[in-house]
Amino acid sequence: MLKRPEVGGVILFSRNIEDAQQVQALCAAIRRLRPDLLLAIDQEGGRVQRLRAGVTRLPAMARLAEGFDSDPQAVVQRCQDAGWLLGMEMAACALDLSFAPVLDVDGGDSTVIGDRSFSADPRVVSLLGRAFINGLHEAGMVAVGKHFPGHGGVAADSHHELPVDSRPLEALRRHDLLPFAELAGELDGVMPAHVVYSAFDERPAGFSRSWLGLLREELGFKGTIFSDDLGMAGATVAGTPGERALAALEAGCDMVLICNDRAAALEVLDACEGRASKRQAKLRYRRARPSLEALPALSRWRRVHAQLESLADTSP
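The structure displayed is predicted, hence computed values, not measured ones.

A.B. asks: With reference to specific residues and values, describe the UniProt feature "domain: Glycoside hydrolase family 3 N-terminal" (unreviewed entry) in the chain.
C.D. replies: According to UniProt, the feature "domain: Glycoside hydrolase family 3 N-terminal" (unreviewed entry) maps to residues 1–270 in the numbering used here. The annotated region residues 1–270 carries 36% helix and 14% strand content, and the separation between its end C-alpha atoms amounts to 11 Å.

This is how it looks when you write it as structure tokens:
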């Protein structure tokens, strides 16, 4: 399957993972087949950390943001350090990117976002998101913001149903959209939400030419647009797996993700026969990779590792 030209990359989940050394070996085996493939993981921290053995335990974004009101400068530095450490560790594991940071604004009711968000204040999300992005870039790794234009305002989980956010566009502009608008020029990738924003478009954002056009034209985003997993319930409105993939690509996505269904992945490859995108080539990790064994020799890694592990230990 990996040799098919329509395959642009691989995303690893916990079921593919034992520890950091095994991930290195797996990535090396994949690259022997296809050196050009993009190798990715969801390594946000908190409850979304696929690789846990042999790397730092990362706190959730909300935990990173604690104390912002009393010492904003320290929290900004902590977020930048967390992005740097994440980038260094994932690069050492031979991965190209983590789908991070989460730029959703916590609306208080979301069952899927919650503490994955930095804050309920969109300006704080922008500030800390920028720091995290800067840290990733320091480590030579790209940043992929999600879930455009914001998943934090709906209670439903798009893994299991199709959420509908009925707020008017101007309300979204003042709130959920703000971090994406402010950071569009700094992000290398964006992942849209499987959410319908009914006042603007009846289609979920990842299938909407209107939303992805706004991202490109109004916000000036020039990077790669990834669909969220097309196996999620929020994507089934677009038809069969093949129809979903084509709808996402035609709406403006550059790459589509099929994460938990081999049969669906094969169907999508057939539906997308002859299609390819070169935009994602810019996302490959280009520097000499750090080694996992050498990271503890870096004083910054030791300091940040200790700080983040301590935060992770005291996370609720």
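Back to the text.
A.B. asks: Go over the pairing of strand β2 (residues 38–41) with me, naming the residues and quoting the values.
C.D. replies: The two faces of β2 match: L38 and A40 on one face and L39 and I41 on the other face are all buried. Inspection of the sheet shows strand β1 (residues 9–12) paired to β2 by four bridges, in the parallel sense. Residue pairing for β2: G9 is matched across the bridge by L38. As a crossover connection, the stretch from β1 through helix α1 (residues 20–33) into β2 is right-handed. Bridge count between β2 and strand β5 (residues 97–98): two bridges; the pairing is parallel. Considered in β5, the bridge of I41 is made with S98.

A.B. asks: Now, about the nonpolar core: what can you tell me, with residues and values included?
C.D. replies: Judged by nonpolar contacts, the single largest core of 84 residues is most densely connected at L64, L95, F132, F148 and W211. Among the elements that make up this core, the one with the highest residue count is helix α3 (residues 72–92) (ten residues). Residue contacts for L64: discarding those within four places in its chain leaves P59, V75, R78, C79, A82, F118, F132, L308 and L311. In this structure, L38, V142, L257 and L283 belong to the second largest nonpolar core, which totals 14 residues.

A.B. asks: Describe in detail helix α8 (residues 241–251), supporting the description with residues and values.
C.D. replies: Within the span of α8, buried status applies to P241, G242, R244, A245, A248, L249 and A251. Where α8 is buried, its residues meet α7 (209–218), β10 (224–229), β11 (255–257) and α9 (262–271). Downstream of α8 by one or two residues, G252 has phi in the positive range, about 130 degrees.

A.B. asks: Hey, could you go over the packing of α3 against helix α10 (residues 299–313) for me, with residue numbers and the actual values?
C.D. replies: As a packed pair, α3 and α10 sit with axes 10 Å apart at the nearest point and diverge in direction by 105 degrees. Classified by the interaxial angle, the pair formed by α3 and α10 is roughly perpendicular. Residues Q77, R78, Q80, D81, A82, W84, L85 and E89 of α3 lie in contact with α10, whose contacting residues are R300, W301, R303, V304, H305, Q307, L308 and L311. Tallied by class, residues from the contact of α3 with α10 come to seven nonpolar, four polar and five charged.

Rules behind the numbers
Residues numbered from 1 in each chain as written. Predicted model: local features only at pLDDT ≥ 70, side-chain atom pairs only at ≥ 80, totals over all residues. Heavy atoms only, no water. UniProt positions renumbered as here; feature names shortened; annotations may be inferred. Helix = DSSP H or I, 4+ residues; strand = E, 2+ residues; numbered from the N terminus. Buried < 20%, exposed > 50% of the residue type's maximum accessible area, 1.4 Å probe, protein only. Pairing = 2+ DSSP bridges. Right-handed = clockwise from strand over helix to strand, strands pointing away. Core = buried A, V, L, I, M, F, W, Y, C linked by side-chain atoms within 4.5 Å. Contact = heavy atoms within 4.5 Å. Axes fitted to C-alpha atoms, helices over the stretch in contact; angles between N-to-C directions. Parallel < 35°, antiparallel > 145°, perpendicular 65-115°, else oblique. Nonpolar A, V, L, I, M, F, W, Y, C, P; charged D, E, K, R; others polar.

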